[in-house]
Amino acid sequence: MSSLENPILDALEPRTRTRLLERSVPRRLAKGEFLYLAGDREPRVHVVVEGLLKFVGRDGSGVETTVGLAVSGDTAGEIAALDDLPQPLDAVAVVPTVVRGFAADAFMSAVTSDPDATAVFHTQMAARLRWAYAMTQERSTSEVGARLAGRLLDLADILGRVSGGVVEFEMPMAQADLGQLAGMCRESTCKTLRSFKRDGIVDYRNRRLRILRPDVLERIRCAGRA
């Protein structure tokens, strides 16, 4: 199992962090397996050790909307730990994923009693909110090209490696999941990706994706926002 890295835990006093880790519980999730469901009163905060989670809402017909992601080092389940209400979304493994679960009361007590950890926690929550706000705005006001450009840049930011101005990463999700994240159907996602490839903006083979012109993707994204 990979080592656990998380900015909130890293900010804790070493003895407190060690005590939390000793009481934590690892869990392996298969692709498509739920960590928890919307409505669950999940008494744990989870840290992603490796893999990828998506946070999903569903309408009355069961149609999914992906509203967020958690990659290695991110937390999941902390909203319910904060307000003591049921989980607002499903958390689903996009790929085989390993998480480590902490008792919610112990995790939140440790974080809120440490000013440095509290500051990191607030910063992470603010970053998630800003990302969710930006994605919601793009879905309601932008064309499909701008939406997909934004999501590709987001994935590049958290997963990409830069070399010679090119950003390369292993696409962690199928095109249908990428489309959900951008608020697009699978067909529109495939068509838009092909147009990006034809125009020399991206290149991909299997799951290996290279953003050849991140500056152009950013212009497409910003034009959609305008």
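Since the model is a prediction, treat every value here as computed from it, not as a measurement.

Colleague: Hey, could you run me through the overall build of the protein in this one?
Modeller: Within the protein one finds nine helices and twelve strands. For the protein, the C-alpha radius of gyration of 18 Å lies close to 17 Å, the compact-globule estimate for 226 residues. A burial count over the protein gives 43% of its 226 residues as buried. For the protein, contacts bridging at least 24 residues in sequence account for 70% of all contacts bridging at least 6. Side-chain charges in the protein split into 31 positive and 30 negative, and the spacing between the mean points of these groups amounts to 6 Å.

Colleague: I would appreciate a short explanation of the pairing of strand β5 (residues 64-71) in the present structure.
Modeller: Side-chain direction in a regular strand flips from residue to residue, so the side chains alternate between the two faces of the sheet. Both strand β4 (residues 52-58) and β5 contribute to a ladder of seven bridges, which runs antiparallel. For Phe 55, the partnering residue across the bridge sits in β5 and is Gly 68. Counting the residues in the hairpin turn of β4 and β5 gives five residues, including Gly 62, whose phi is positive at 90 degrees.

Colleague: Explanation requested: the packing of aromatic side chains in the structure shown.
Modeller: How two aromatic rings sit relative to each other is given by the distance of their centres and the angle of their planes. Going through the model one piece at a time under the given rule, you end up with one aromatic pair. When the centroid spacing of 5.7 Å and the interplanar angle of 55 degrees are considered together, the rings of Phe 102 and Phe 107 count as tilted. Judged by its relative accessible area of 1%, Phe 102 falls in the buried class. Above the plane of the ring of Tyr 204 lies Lys 197, whose end atom (NZ or CZ) is 4.7 Å from the centre.

Colleague: Explain the packing of helix α5 (residues 115-141) against helix α7 (residues 175-182) here, please?
Modeller: When two helices pack together, you describe them by how their axes are tilted relative to each other and by the distance separating the axes. Contact geometry for α5 and α7: axes closest at 9 Å, N-to-C directions at 90 degrees. By the angle class used here, α5 and α7 are roughly perpendicular. In this structure, α5 contributes Trp 131, Met 135 and Arg 139 to the contact, and α7 contributes Gln 180, Leu 181 and Ala 182. Tallied by class, residues from the contact of α5 with α7 come to four nonpolar, one polar and one charged.

Colleague: Please explain the sheet that holds strand β8 (residues 97-103) as it appears in this structure.
Modeller: Sheet strands associate in pairs through backbone hydrogen bonding, adopting either a parallel or an antiparallel arrangement. The four strands are arranged β1-β8-β3-β6 in an open sheet whose pairing can be described as antiparallel. Only two strands of the sheet have a single neighbouring strand rather than two, namely β1 (25-29) and β6 (75-76). Packed on one face of the sheet, helix α4 (residues 104-112) meets β3 (44-50), β6 and β8 and runs near 75 degrees to β8.

Colleague: Hey, could you run me through the nonpolar core in this one?
Modeller: Nonpolar side chains in soluble globular proteins generally cluster together in the buried interior. Leu 152, Met 171, Met 173, Leu 178, Phe 196, Ile 211 and Leu 217 are the most contacted members of the largest nonpolar core, which totals 27 residues. Elements represented by at least two residues in this core include exactly β5, α6 (144-159), β10 (166-170), α7, α8 (186-198), β12 (208-211) and α9 (214-225). With six residues, the top contributor of residues to this core is α6. Contact partners of Leu 217, with chain neighbours within four places excluded, come to Ala 149, Leu 152, Leu 153, Phe 196, Ile 201, Val 202 and Ile 211. Counting residues in hydrophobic clusters, the runner-up holds 18 residues, among them Val 49, Val 98, Phe 107 and Ala 117.

Colleague: For this particular structure, what's the right way to read the pairing of β8?
Modeller: Burial runs high along β8: six of the seven residues are buried. The pairing of β1 with β8 spans five bridges and is classified as antiparallel. For Pro 26, the partnering residue across the bridge sits in β8 and is Arg 100. Strand direction decides the pairing type here: β3 and β8, joined by six bridges, are antiparallel. In the strand pairing of β8, Glu 50 is matched with Val 98.

Parameters and conventions
Residues numbered from 1 in each chain as written. Predicted model: local features only at pLDDT ≥ 70, side-chain atom pairs only at ≥ 80, totals over all residues. Heavy atoms only, no water. Helix = DSSP H or I, 4+ residues; strand = E, 2+ residues; numbered from the N terminus. Rg over C-alpha atoms; globule rule 2.2 N^0.38 Å. Buried < 20%, exposed > 50% of the residue type's maximum accessible area, 1.4 Å probe, protein only. Contact = heavy atoms within 4.5 Å. Lys, Arg positive; Asp, Glu negative; His and termini not counted. Charge placed at Lys NZ, Arg CZ, Asp CG, Glu CD. Pairing = 2+ DSSP bridges. Phe/Tyr/Trp six-rings, centres within 6.5 Å; stacked < 30°, edge-to-face > 60°. Lys NZ or Arg CZ within 6 Å of the ring centre and 35° of its normal. Axes fitted to C-alpha atoms, helices over the stretch in contact; angles between N-to-C directions. Parallel < 35°, antiparallel > 145°, perpendicular 65-115°, else oblique. Nonpolar A, V, L, I, M, F, W, Y, C, P; charged D, E, K, R; others polar. Core = buried A, V, L, I, M, F, W, Y, C linked by side-chain atoms within 4.5 Å.

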